Amino acid sequence: MRKNRYKTISKSVLIVFSTLISNTLLAQQQTITPKLSGNFWKNVQYGGGIGLGFGSDYTDISLAPSAIYNFNEYVALGIGAQYTYLKQRNYYASHLYGGSIIGLFNPIQAIQLSAELEELRVNINLDGSNSNSQDYWNTGLFLGAGYRSGNATIGARYNVLNDTNNIYGSAFMPFVRVYF
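Residues numbered from 1 in each chain as written. Predicted model: local features only at pLDDT ≥ 70, side-chain atom pairs only at ≥ 80, totals over all residues. Heavy atoms only, no water.

### A closer look at the environment of Pro 174
- In this structure, Pro 174 sits in strand 8 (residues 172–178).
- For Pro 174, a relative accessible area of 66% puts it in the exposed group.
- Setting aside residues no more than four positions away along its own chain, Pro 174 makes contact with Gly 155 and Ala 156. (Helix = DSSP H or I, 4+ residues; strand = E, 2+ residues; numbered from the N terminus. Buried < 20%, exposed > 50% of the residue type's maximum accessible area, 1.4 Å probe, protein only. Contact = heavy atoms within 4.5 Å.)

The structure is reproduced here in structure tokens:
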């Protein structure tokens, strides 16, 4: 019953987001200047994230490159890849890898709204026991909002598909997003 509720919510969110994006694209189609629509690579921006965390017998290393295509000054769509290595000495080692699709909407210059669908493969190897190792897919649908200044955005996102088996500690996550 809980999964059906999440499926219904996620379908509703995707339909609303798709409608907003398509309406915005159609509304902006006539105002795109020839210079903006003329060269594909001039409208592509690259960015991503690097994360390093070290503690007492703990290691966390993340790489997450991404690229977006700016359809106009309001709408962008992109893809990303992610790899994360986590290790707690004498307990577990984990590899997470996968990709994401992200949609960005800037209703005004300082505000950025986002929707990101993420699919990660999770491999967890518990030390001393191969029988307790886990290998599964984790899906996240993040809706976010942030303050945008230049190429950087700082904000928060919420995983609407969050459940007790999620790999993240919380459905609510702050972010910093930079594209060059």
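Now, onward.
### A closer look at a nonpolar patch on the surface
- Among the surface-exposed residues, Ile 50, Leu 52, Phe 54, Ile 61 and Leu 63 lie close enough to one another that they form a single nonpolar patch of about 560 Å² accessible area.
- When residues of the nonpolar patch are traced back to their parent elements, those giving at least two are strand 1 (44–55) and strand 2 (58–70).
- Tallying contributions element by element places strand 1 first for the nonpolar patch, with three residues.
- Checked against the element boundaries, Leu 63 lands in strand 2. (Patch = residues over 30% accessible without salt bridge, like charges linked within 9 Å, V, L, I, M, F, W, Y side chains within 5 Å. Areas by Shrake-Rupley, 256 points an atom, 1.4 Å probe, with all protein chains shown as cover. Salt bridge = Lys/Arg side-chain N within 4 Å of Asp/Glu carboxyl O.)

### Examining the sheet that holds strand 2
- Spatial strand order, 1-2-3-4-5-6-7-8: eight strands in an open sheet with antiparallel pairing. Single-partner strands in this sheet number two, and they are strand 1 and strand 8. Averaged over all pairs of adjacent strands, the angle between their axes in this sheet comes to 20°, without regard to strand direction. (Pairing = 2+ DSSP bridges. Axes fitted to C-alpha atoms, helices over the stretch in contact; angles between N-to-C directions.)

### A word on the pattern of salt bridges
- With the rule as written, the count across this model stands at three salt bridges.
- In this structure, Asp 135 engages Arg 121 in a salt bridge whose closest nitrogen and oxygen atoms are separated by 3.2 Å. On the criterion of sequence distance, the pair formed by Asp 135 in strand 6 (residues 134–149) and Arg 121 in strand 5 (residues 111–126) is long-range, its members being 14 residues apart.

### A few points about the confidence of the model for the chain
- Scored by pLDDT, the chain comes out at a mean of 82, with 77% of its residues at no less than 70.
- Here residues 1–6 is modelled with pLDDT under 50, and outside its nearest four sequence neighbours on either side it reaches five contacts, counting other chains as well. (pLDDT = per-residue confidence, 0-100.)

### A short note on the side chain of Ser 114
- Examined against the element boundaries, Ser 114 turns out to sit in strand 5.
- Within the local environment of Ser 114, its side chain forms a polar contact with the side chain of Arg 177, the two groups lying 3.4 Å apart.
- Ignoring anything within four residues of it in the chain, the contact list for Ser 114 reads Gly 103, Leu 104, Phe 142, Leu 143, Gly 144 and Arg 177. (Polar contact = N/O pair within 3.5 Å; in protein donor to acceptor, adjacent residues only side chain to side chain.)

### Some details on the packing of aromatic side chains
- Across all of its chains, the model carries four aromatic pairs by this definition.
- With a centroid separation of 4.9 Å and 15° between ring planes, the pair formed by Phe 40 and Tyr 69 is classed as stacked. A residue pair is termed long-range when its members are at least 10 positions apart, and Phe 40 in the loop between helix 2 (34–38) and strand 1 and Tyr 69 in strand 2 qualify at 29 residues.
- Judged by its relative accessible area of 44%, Phe 40 is partly exposed.
- Here the aromatic rings of Tyr 69 and Phe 71 are separated by 5.0 Å at their centres, their planes lie at 75°, and the arrangement is edge-to-face.
- Accessibility expressed as a relative area gives 31% for Phe 71, which makes it partly exposed. (Phe/Tyr/Trp six-rings, centres within 6.5 Å; stacked < 30°, edge-to-face > 60°.)

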